[in-house]
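If you want the building blocks of each chain, they are given just below.
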Amino acid sequence: MTARGTHLTCRLWKIKRAAFSKILSESRRLIIGELRRKLHCPRARSSSSYVPAQALGEGPFCKPTDSAIGCTVAGAAVSWRHPSFIRSPVKGRLGSALASRMATTVGIEVDATNILKRITPPLDPQLYKGQAGKIAVIGGCREYTGAPYFAAISALKIGADLSHVFCTKDAAAVIKSYSPELIVHPVLEESYSVREDEKVLVSSRVLAEVRKWMERFDCLVVGPGLGRDPFLLDCVSEIIQHARQLNVPIVVDGDGLFLVTNNLDLILGYSLAALTPNVNEYRRLVEKVLEREVDDQNAAGQLSSLSSRLGGVTILRKGKADLISDGRTVCMVSAYGSPRRCGGQGDILSGSVAVFSSWAKQTLSESGEHFDFSSSNPMILGCIAGSALLRKAASLAFADKKRATLTSDIIESLGTSVEVLCQEK
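Not measured: the values here are computed from a predicted model.

Parameters at a glance
- Residues numbered from 1 in each chain as written.
- Predicted model: local features only at pLDDT ≥ 70, side-chain atom pairs only at ≥ 80, totals over all residues.
- Heavy atoms only, no water.
- Helix = DSSP H or I, 4+ residues; strand = E, 2+ residues; numbered from the N terminus.
- Contact = heavy atoms within 4.5 Å.
- Areas by Shrake-Rupley, 256 points an atom, 1.4 Å probe, with all protein chains shown as cover.
- Buried < 20%, exposed > 50% of the residue type's maximum accessible area, 1.4 Å probe, protein only.
- Salt bridge = Lys/Arg side-chain N within 4 Å of Asp/Glu carboxyl O.
- Disulfide = S-S within 2.5 Å.
- Axes fitted to C-alpha atoms, helices over the stretch in contact; angles between N-to-C directions.
- Left-handed = near helix turned anticlockwise from the far one by under 90°.
- Nonpolar A, V, L, I, M, F, W, Y, C, P; charged D, E, K, R; others polar.
- Pairing = 2+ DSSP bridges.
- pLDDT = per-residue confidence, 0-100.

**Student:** Residue-level account of the overall build of the protein chain, with values.
**Tutor:** The number of helices and strands found in the protein chain is 14 helices and 14 strands. The long-range fraction of contacts in the protein chain, counting pairs at least 24 apart against all pairs at least 6 apart in sequence, stands at 67%. Only carbon and sulfur atoms are counted for the fraction: they give 53% of the accessible area of the protein chain, which is about 20200 Å².

Shown next, in the form of structure tokens:
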């Protein structure tokens, strides 16, 4: 190539580089400006402003190259924070702006493994029975005996010391036959076994029986296999109210969600409550509370609004990616689990969330440790860890059983999954 040709080539290369840099700079300015305008961000400056480095939080559980704007949508309000436990798949300031913009619709991915590791207590020979957690499941009737068993045995497999089940008399013998590890209380009653003139007396007797145990529990799981008998649901409503008075954390799933959706005052404003709805249960909640249809285009914003309207109750919206919110923040757990959708996995999740929430609450109260995440809400942390664990266990079970994977196979993988996640760096 001649000297003139080389000179022309260099000039063309410089022109292309300058044009590309200009396009990239203009795109970044427009995207960030539009983002701030739509969010009514108080930090918005002139059209030439950029995201300050201080806004690009890098928490202790982010990789050195990861960053994300701490922007959380809660209704129309926007708050800024330095997000620990947040991982952004896109690098750099422009990438952080894009990640934040996506977070308004899908939530912010969190480092669930590190949260699980931080709140899981070490095995210590100095501990005595009960210190690693005492969980109670309120559920189980004639038709449904598997769900309360799945929730209760999952709690034990993860590491809780004691797991109780409060069920109807018809369900008790069946649940006991599944495992001698569970403490089963046949105290609940259904309408068919109670005369109209006896309902007040029987209801008070049921509540008195549960009250004897309530102060011992670190968390309740309300709903697995509960059924929808009106008298039974009335009794469980009183149990929930009593648990609130004692500040016992409550995880609500299955028919428990049917109960609270029709009686929102049971959980309204209770920050130690977590709801774990599936797609249909979530739709009913949104229609009842927000009086609108589910908006998947603004999933995170709607979830945050729903939680806020319920007074800060934590909600774990189950799906391909689990979205979790307490009305102040929205986060996401999207680790791959299993394509197998056998029934009972939601019961594993509710038992897991109960254990991890109680561990998070205990860790925060004993050590005073702060996670710089969502005001260290133990229910948020428990939901994140429970979601991560179920996905890991489902993945391990499916790798072995493939299409034949059952809920019992996933339960058998829980212990191994806890160890694997706790050892990950």
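Once you've had a look at it, read on.
**Student:** How would you sum up unusual backbone geometry? Please name residues and give values.
**Tutor:** Comment: phi is negative for the bulk of residues other than glycine, and the bulk of peptide bonds are trans. With phi around 60°, Asn247 is a residue other than glycine that occupies positive phi space. Positive phi is not limited to glycine here, since Glu291 has a value of about 55°. Among the secondary structure elements, Glu291 is positioned in the loop between α9 (279-289) and α10 (299-309). The exposure class of Glu291 is exposed, given its relative accessible area of 69%.

**Student:** Tell me about the environment of Trp359, and name the residues and values.
**Tutor:** Among the secondary structure elements, Trp359 is positioned in helix α11 (residues 345-367). Classification of Trp359 as buried rests on a relative accessible area of 3%. In this structure the C-alpha to C-alpha distance between Trp359 and Pro121, which are 238 residues apart in sequence, comes to 7.2 Å. The contact partners of Trp359, leaving out residues within four places of it in the chain, are Ile119, Thr120, Pro121, Ala132, Ile158, Gly159 and Ala160.

**Student:** Can you tell me about the side chain of His164, naming the residues and giving the values?
**Tutor:** Residue position: His164 is located in strand β7 (residues 162-168). With near-sequence residues (within four places) excluded, His164 lies in contact with Ile135, Ala136, Val137, Ile183, His185, Trp213 and Phe217.

**Student:** Just give me the short version of the pattern of salt bridges, but keep the residues and values in it.
**Tutor:** Applying the stated criterion to the full structure yields 14 salt bridges. When the shortest N-O distance is used, the salt bridge between Arg195 and Glu198 registers 3.3 Å. Within this structure, Arg195, Asp197 and Glu198 form a network of salt bridges that share partners.

**Student:** Describe the state of the cysteines, naming the residues involved and giving the relevant values.
**Tutor:** Working definition: the covalent bond between the sulfur atoms of two cysteines is a disulfide. Applying the stated criterion to the full structure yields zero disulfides. Of the cysteine sulfurs around Cys219, a residue in no disulfide, the closest is that of Cys383, at 9.7 Å.

**Student:** Give me α10: which residues, what numbers.
**Tutor:** Residue pairs spaced three or four apart in an α-helix point in one direction, given the helix's 3.6 residues per turn. Burial runs high along α10: eight of the eleven residues are buried. Gly311 occupies a position one or two residues after α10 and carries a positive phi of about 85°.

**Student:** How would you explain the packing of helix α6 (residues 199-214) against helix α7 (residues 230-245) if you had to name every residue and give the values?
**Tutor:** Two elements in contact, α6 and α7, have axes whose closest approach is 10 Å; the angle formed by their N-to-C orientations is 40°. The chirality of how α6 crosses α7 is right-handed. In this structure, α6 uses Lys199, Val202, Ser203, Val206, Leu207, Val210, Arg211 and Met214 to contact α7, whose residues at the interface are Phe231, Cys235, Glu238, Ile239, His242 and Ala243. Residues that form the contact of α6 with α7 fall into these classes: nine nonpolar, two polar and three charged.

**Student:** Just give me the short version of the pairing of strand β9 (residues 219-222), but keep the residues and values in it.
**Tutor:** Going residue by residue along β9, you find Cys219 and Val221 tucked away on one face and Leu220 and Val222 tucked away on the opposite face as well. With four bridges connecting them, strand β6 (residues 134-138) and β9 associate as parallel partners. Its bridge partner lying in β9, Ile135 is registered against Cys219. Both β9 and strand β10 (residues 250-252) contribute to a ladder of three bridges, which runs parallel. Looking at β10, one finds that Val221 is bridged to Val251.

**Student:** Tell me what's going on with the sheet that holds β9, and back it up with residues and numbers.
**Tutor:** One open sheet accounts for ten strands, arranged β5-β14-β13-β12-β11-β10-β9-β6-β7-β8; its pairing is mixed. The sheet terminates laterally at β5 (108-109) and β8 (183-188), the two strands that pair on one side only. Packed onto the sheet, helix α5 (residues 169-178) meets β7 and β8 and runs at close to 145° relative to β7.

**Student:** Report on the side chain of Ser417, specifying residues and quantitative values.
**Tutor:** Along the chain, Ser417 turns up in helix α14 (residues 414-423). Once you skip the residues sitting within four places of it in the chain, Ser417 turns out to touch Leu389, Lys392, Ala393 and Leu396.

**Student:** Break down the confidence of the model for the protein chain for me, citing the residues and quoting the values.
**Tutor:** Per-chain confidence: the protein chain averages 82 in pLDDT, with 73% of residues scoring 70 or above. Low pLDDT, under 50, characterises residues 88-104; the stretch is placed with 39 contacts to residues that sit more than four places away or in other chains.

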